[in-house]
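One-letter residues, chain by chain:
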Amino acid sequence: MSHELTTNTIWVLTCTSLVFLMQAGFCCLESGLSRSKNSINVATKNIVDFFIGVFIFWLFGFGLMFGQSYGGWFGTTQFAFEDTSNAHWPTVVFLFQLVFCSTAMTISSGAVAERMRFRAYLLLAVGIGAVAYPLFGHWAWARDAAGAPAGWLGKLGFLDFAGSSVVHSVGAWSALAAVLILGPRTGRFTDNKNEHRFSSSNLPMAALGFLILWFGWFGFNGGSTLALNGEVPSIILNTILAGISGGMCALAWELIVSKQISVEKIFNGSLAGLVAITASCNAVNYPSAILIGFIAGIVMLASLWILEERFKIDDVVGAIPVHGFAGAWGTLAVALFADTSLFQSGVSRTSQFGIQALGVGACFIWSFGSIWILMKLVNCCMPIRVSLSDEKIGLNVAEHGASTELHSLLETMISHEKGNNQSRADVDDFTEAGIVGYQYNRVLDAQEILLSDVKDREVRYRSIMDNVMDAIITINLEGKIEEFNRGAEYLFGYYNHEVIGQSIDLLIPPLHQKIQHEYSSGELNPQLVRAIGSRQEIVAQRNDRSTFPAELAVSSVILADREIFTGIIQDISERKDYERSLNEARKRAEAASEAKSEFLANMSHEIRTPMTAILGFTDILLNNLKKQEDIESANIVKRNGEYLIGVINDILDLSKIEARKVELEQVRVNTIELIRDIAALMQIKADLKGLELVVSFENPIPETIMTDPTRLRQILINLLGNAIKFTETGYVELRTRTINLEEKYAKLQFDVIDTGIGISETALAQIYHPFTQADNSTTRKYGGTGLGLAISKRLVEMLGGRIHVASSIGSGSTFTISVNTGSLEGVPLQQVDEISIKNTATECNQEISDSINKTISASRVLVVEDGLDNQRLISFLLKKEGMHVDLADNGQLGYEKTMAAVQSGEPYDFVLMDMQMPVMDGYTATSKLRKAGYTRPIIALTAHAMKNDMDKCLSAGCDAYATKPVDKKKLLETIARLSVPVESTGPTSEAEEPGSETDVRTRTVDRACDN
């Protein structure tokens, strides 16, 4: 024997020993991952399938696999293997292939564990070792006398170096066939198809088996060279890298998606990497090995999820994902990563991938199909699955009679369950089961003592049941009455003996009994099911067939052998009558509130429409009158008209607040601009009374805040207006500060301080009541509705703040409000002074006026308005600004004139559209224009000012919204803004509510001046 042959012989025999050691690894792994009551059975199967594998492979398996090929399909020689050579190298090869066959057979043991009969498993092992493994091995690995491939797959160029498919996938697909016929373990998947995982019996033992498999894999892959050559180190390193990579993939997945790390998945991820690299460990570089192993981990996790979640396939140890799917991936990976010099001459990676895929498919079809047929035939002759009772008790006892102290303890417990309370468990201080038996006996003794107490309690319970006035009824799962107390007798008119054993349907009206009949026999009445753990209103029936509303509360109690339900029933007829009267009163109140809202809306419309003409023509008269007496008279008309509009706005605001129809917007607002606008507006009123208006800042304030600017502006203008009205000499101050800046939620605080008449302590208690003033006497000096503070208080609270007042007679008042600012993260704080506020306001007003004059002159406008006075007024105002104005009396004429102008090539620049008109209203006309493709601005003119009129106008397609009476300046500002091109392609829904300082609203607004 040559030195090289001797070295190779020693190396292959060593690797054979390592592969044989994998039998021990599989035994430990599968026993540890199975439940303890089946561990002996699993270990025995691992041992016996080795016996079978050795004998069958010697007898004819080796010949079928490596004998002289018959057409590339199976071997025809070397049966009952015998080696006649002097060097005995064929025996070395035979031994190495023998342990490979045992490995393929053992893979199936863990997958079918815990429910397959031992005798049926022996036939499964025979089928794998005698048919599935040797024939597919012949197709892939068989060689002729010259060393060329002899099997049909090998001739095509199929490559599987150490058997990712030949060994591992054959075993896994065979196991899959058996698992599908067996079905899942009892209780593994519940009726609602949620998984119920069983605990492993001994994870440390499983870990030991996992490590033994790792060690054996060095021989599995390294020995496949059949020579101790230079490839062996890189093969072993590739094996290590792929196994580690697969384990790291599973570990990473568990760390990301699970709070509790699954040890089994980490084991299987690493084993999947080892299986996958087996096909190409001799032909890839190290990075490729890492990638192959990592993807194998992914394949294992994905296939495990598919098998369990989608198909409910119960693989006890995960053999099918690890050896089947990962083996298939490893076989395909040969074409992707292996050195192309190993491919047949001229074969590309794409062609090689097709060959590998063909081999993977053939492996599945052959292994799965042959074992499926075999197991089906066996199952026809004898059941391959153990009985339910054997599965429950465990195969250690059922199949092998392996009685243990724990089993004896369980038998004692079972006898007690059947009523034999005289026996006691065996006690042994030196075994865990004996110690548990000692404690169990103590429990039995204590139980006997408690039973006597239970009898006493039962007597007390019966006394309570009979004296409770409420009806208490106990029924079983079939709905049969078992308990019926005296309260139930009084309520339903039955005696106890008349209803015991009867169905609960006796107490339910026939109409409601139909509900029960829709459910299968043995199910509880659905009304009772809904009442478990809560209170449920039902309709009950007395003995005289009269019905009454009742409240039912049901509790469920699980006894030793069954479940019972106890219901407490109360007659709620009086309560239902009271609730019915309250509901009717509520409906009447809601109807009254709705009528009030409708009345206010109509009142607003009817008053605002003539007020538009009154105030508009008053402004025209003021520009033309010369006599001082006439001017004063016109000013009186205008002042009283504006006061009337203010009253209407206050009433509408309060009505909407009380009806909870006010919806706040939350937008990012420039704080300085907001205060500047308010100061500019109120400065005019202060100047008229000769008062100084002071704007001060105690500390830096945020540049922007999140709030509703319309409502905040309305609050401050209301408070400042009151302060100016009730102050004759001195000053009015608006002081701003930031509070709670260090806390999570900062607020902006405003103090409105005046040197006016003050408020008495008695009046302070009622100033926030609607229609109430500090001075309610008939000789009061100051006018007003008494709604301003009531509205302001409610709006401040809606903005997340509070309002507070400090005042004394003759010294003035201080109203303090605070509002939420929203998040101030990243918002700069600014220190601002009064001078910059007033200067900026003056400059901005001048720029706005200039912008209006330049923008809107020479515009063509169509005014759609049915009121002749309003037509004349609006036409006069617009013509005075240089615009060309056309008129239409209703929406139909407005639509026709607008479309005619478009068709003539001279479309109107703007359309002012009244919303309430005869023939066709403004909403319909606007919608028709938009559908017809008209895209120029349409401004709504309406006397309605509540019930989301703004949203209704904008939804119809208007670009802006103005309530009547129309403010000339603000209407012109709106027209100017709409005439400036903007970047936004869609309309905004920014709007102000009636009662604020402006009623003109636009969908797209450009500020004419920035801070």
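Computed from a predicted model, the values in this text were never measured in an experiment. (Residues numbered from 1 in each chain as written. Predicted model: local features only at pLDDT ≥ 70, side-chain atom pairs only at ≥ 80, totals over all residues. Heavy atoms only, no water.)

Any chance you could explain the overall build of the chain here in plain terms?
Looking only at helices and strands, the chain has 32 helices and 22 strands in total. Out of the 1011 residues in the chain, the part that is buried amounts to 49%. For the chain, the computed accessible surface area is about 48,100 Å², with 57% contributed by carbon and sulfur atoms. (Helix = DSSP H or I, 4+ residues; strand = E, 2+ residues; numbered from the N terminus. Buried < 20%, exposed > 50% of the residue type's maximum accessible area, 1.4 Å probe, protein only. Areas by Shrake-Rupley, 256 points an atom, 1.4 Å probe, with all protein chains shown as cover.)

Help me understand the nonpolar core in this model?
Among soluble globular proteins, nonpolar side chains are generally buried collectively. By size, the foremost hydrophobic cluster in this structure holds 101 residues, and its most contacted members are Phe100, Leu124, Tyr133 and Trp141. When residues in this core are grouped by element, the largest group, 13 residues, is from helix H4 (residues 118–141). Residues within four places of phenylalanine 100 in sequence aside, it is in contact with Val19, Tyr133, Trp141, Ala162, Val167, Phe220 and Ser224. (Core = buried A, V, L, I, M, F, W, Y, C linked by side-chain atoms within 4.5 Å. Contact = heavy atoms within 4.5 Å.)

Before we go on, may I ask you to explain the pattern of salt bridges in this structure?
Any two side chains of opposite charge can pair, given that their charged atoms come close. A full pass over the atoms with the stated rule returns 23 salt bridges. Among the salt bridges present, the one from arginine 188 reaches glutamate 308, with a minimum N-O distance of 3.2 Å. A residue pair is termed long-range when its members are at least 10 positions apart, and arginine 188 in the loop between helix H6 (164–182) and helix H7 (203–222) and glutamate 308 in helix H10 (residues 286–310) qualify at 120 residues. The exposure classification of arginine 188 matches that of glutamate 308, with both residues buried. Between glutamate 254 and lysine 265 there is a salt bridge; the shortest N-O distance is 3.8 Å. Taken together, the residues span a long stretch of sequence, with glutamate 254 in helix H8 (residues 231–257) and lysine 265 in helix H9 (residues 263–277) at a distance of 11 residues. Overall, the relative accessible area of 3% leaves glutamate 254 in the buried class. When salt bridges that share partners are traced, they join Arg35, Glu114, Arg185, Arg188, Glu308 and Asp314 into one network. (Salt bridge = Lys/Arg side-chain N within 4 Å of Asp/Glu carboxyl O.)

Which parts of the structure should I look at to understand the packing of aromatic side chains?
To describe a pair of aromatic rings, you give the distance between the ring centres and the angle between the ring planes. Evaluation of the coordinates by the stated rule reveals 29 aromatic pairs. Where phenylalanine 215 meets phenylalanine 218, the ring centres are 6.3 Å apart and the plane angle is 80 degrees; that geometry is what we call edge-to-face. One end of the pair is phenylalanine 215 and the other is phenylalanine 218, both in helix H7 and 3 residues apart, which spans about a single turn. A network of ring pairs unites the aromatic residues Phe57, Phe62, Phe66, Phe81, Phe94 and Tyr133 as a single cluster. A cation over a ring is seen here: arginine 35 above phenylalanine 198, with NZ or CZ 4.0 Å from the ring centre. A cation over an aromatic ring shows up here: lysine 952 above the ring of tyrosine 923, its NZ or CZ 4.4 Å from the ring centre. (Phe/Tyr/Trp six-rings, centres within 6.5 Å; stacked < 30°, edge-to-face > 60°. Lys NZ or Arg CZ within 6 Å of the ring centre and 35° of its normal.)

Could you clarify how one ought to interpret the packing of helix H1 (residues 3–33) against H7 in this entry?
At a minimum axis distance of 7 Å, the contact between H1 and H7 shows a crossing angle of 155 degrees. Taken together, the axes of H1 and H7 are roughly antiparallel relative to one another. Regarding H1 and H7, the two cross each other, and that crossing is left-handed. Here the residues of the contact of H1 with H7 sort into 21 nonpolar, 7 polar and no charged. (Axes fitted to C-alpha atoms, helices over the stretch in contact; angles between N-to-C directions. Parallel < 35°, antiparallel > 145°, perpendicular 65-115°, else oblique. Left-handed = near helix turned anticlockwise from the far one by under 90°. Nonpolar A, V, L, I, M, F, W, Y, C, P; charged D, E, K, R; others polar.)

What is the right way to look at helix H30 (residues 922–931) in this model?
Residues spaced three or four apart along an α-helix face the same direction, because each turn holds 3.6 residues. Among the residues making up H30, those that are buried are Gly922, Tyr923, Ala925, Thr926 and Leu929. The buried residues of H30 occupy one face: seen down the axis, they fall within an arc of 165 degrees. In the core, the buried residues of H30 are packed alongside helix H29 (891–903), strand S19 (910–914), strand S20 (938–942) and helix H31 (949–956). For H30, the N-terminal capping position is held by aspartate 921, with its side-chain oxygen 3.2 Å away from the main-chain nitrogen of tyrosine 923. (Arc of directions from axis to C-beta. Polar contact = N/O pair within 3.5 Å; in protein donor to acceptor, adjacent residues only side chain to side chain.)

What should I look at first to understand the side chain of asparagine 476 in this one?
Within the secondary structure, asparagine 476 is located in strand S3 (residues 471–476). For asparagine 476, a relative accessible area of 13% corresponds to the buried category. Here lysine 480 takes part through its backbone nitrogen, which lies 2.8 Å from a polar atom of the side chain of asparagine 476. Within polar-contact distance, the side chain of asparagine 476 engages the side chain of glutamate 482 at 3.4 Å.

Would you mind going over the side chain of glutamate 391 with me for this structure?
Here glutamate 391 shows up in helix H13 (residues 388–393). Residue contacts for glutamate 391: discarding those within four places in its chain leaves Lys37, Glu114, Arg115, Arg185, Thr186, Arg385 and Val386.

Looking at this model, I keep getting lost on the confidence of the model for the chain. Mind explaining?
It should be kept in mind that the predicted coordinates are not to be read in detail where pLDDT is low. Looking at the chain as a whole, its pLDDT mean stands at 82, while 83% of the residues score no less than 70. Mean pLDDT across the elements of the chain ranges from a minimum in strand S22 (residues 1000–1002), with 39, to a maximum in helix H11 (residues 319–337), with 97. Below pLDDT 50 for its whole length, residues 776–780 participates in 3 contacts with residues either more than four positions away or in separate chains. Taken as a whole, residues 982–1011 scores under 50 in pLDDT and shows 86 contacts with residues more than four places along the chain or in a different chain. (pLDDT = per-residue confidence, 0-100.)

Can you walk me through the pairing of strand S5 (residues 535–541) in this structure?
Walk down a regular strand and you will see the side chains alternate between the two sheet faces. Sheet topology places S5 next to strand S6 (residues 547–558); 7 bridges connect them, and they run antiparallel. Residue glutamate 537 lies in a different strand from S6, and its bridge partner there is glutamate 551. Between the end of S5 and the start of S6, which pair antiparallel, lie 5 residues, with arginine 545 showing a positive phi angle near 75 degrees. (Pairing = 2+ DSSP bridges.)

Would you explain the sheet that holds strand S12 (residues 731–739) in this entry?
Strand pairing in a sheet is mediated by backbone hydrogen bonds. Such pairs are either parallel or antiparallel. Ordered by their spatial adjacency, 5 strands build an open sheet running S9-S12-S13-S15-S14, and the pairing between neighbours is mixed. Edge positions in the sheet fall to strand S9 (692–697) and strand S14 (803–808), since each has one partner strand and no second. Between one strand axis and the next, the sheet turns through 15 degrees on average, direction left out of account. Sheet topology note: the S12/strand S13 (residues 747–754) ladder contains 8 bridges and is antiparallel.

Where do I start with the packing of H7 against H9 in this structure?
Each pair of packed helices can be described by the angle between their axes along with the distance between the axes. Following both chains from N to C, one finds H7 and H9 inclined at 10 degrees, their axes separated by 11 Å at the closest point. In terms of orientation, H7 and H9 fall into the roughly parallel class. Residues Leu203, Ala206, Ala207, Phe210, Leu213, Trp214, Trp217 and Asn221 of H7 lie in contact with H9, whose contacting residues are Val263, Glu264, Phe267, Ser270, Leu271, Leu274, Val275 and Ile277. For the contact of H7 with H9, the residue count by class is 13 nonpolar, 2 polar and 1 charged.

Which parts of the structure should I look at to understand the sheet that holds strand S4 (residues 481–484)?
Spatially, S4-S3-S7-S6-S5 is the arrangement adopted by the 5 strands of the open sheet, whose pairing is antiparallel. Every interior strand has two partners, whereas the edge strands, S4 and S5, have only one. Across the sheet, the mean angle separating the axes of adjacent strands is 30 degrees when strand polarity is ignored. As paired strands, S6 and strand S7 (residues 563–571) are joined by 9 bridges and run antiparallel to one another. Each residue of the ladder has a partner; that of serine 556, found in S7, is phenylalanine 565.

So what exactly am I meant to see when it comes to unusual backbone geometry here?
Working note: non-glycine residues mostly have negative phi, and peptide bonds are mostly trans. Phi angles above zero are rare outside glycine, and alanine 80 is one such case at about 45 degrees. Mapped onto the elements, alanine 80 comes out in the loop between strand S2 (74–75) and helix H3 (89–111). Here the phi dihedral of lysine 312 falls at roughly 55 degrees; this positive angle occurs in a residue that is not glycine. Within the fold, lysine 312 resides in the loop between H10 and H11.

Explanation requested: the state of the cysteines in the structure shown.
In a disulfide, the sulfur atoms of two cysteines are held together by a covalent bond. Taken as a whole and judged by the stated rule, the model has 0 disulfides. In this structure cysteine 958 is a free cysteine whose sulfur lies 5.3 Å from that of cysteine 953, the closest cysteine sulfur available. Relative accessible area serves as the criterion here: at 0%, cysteine 958 is assigned to the buried category. (Disulfide = S-S within 2.5 Å.)

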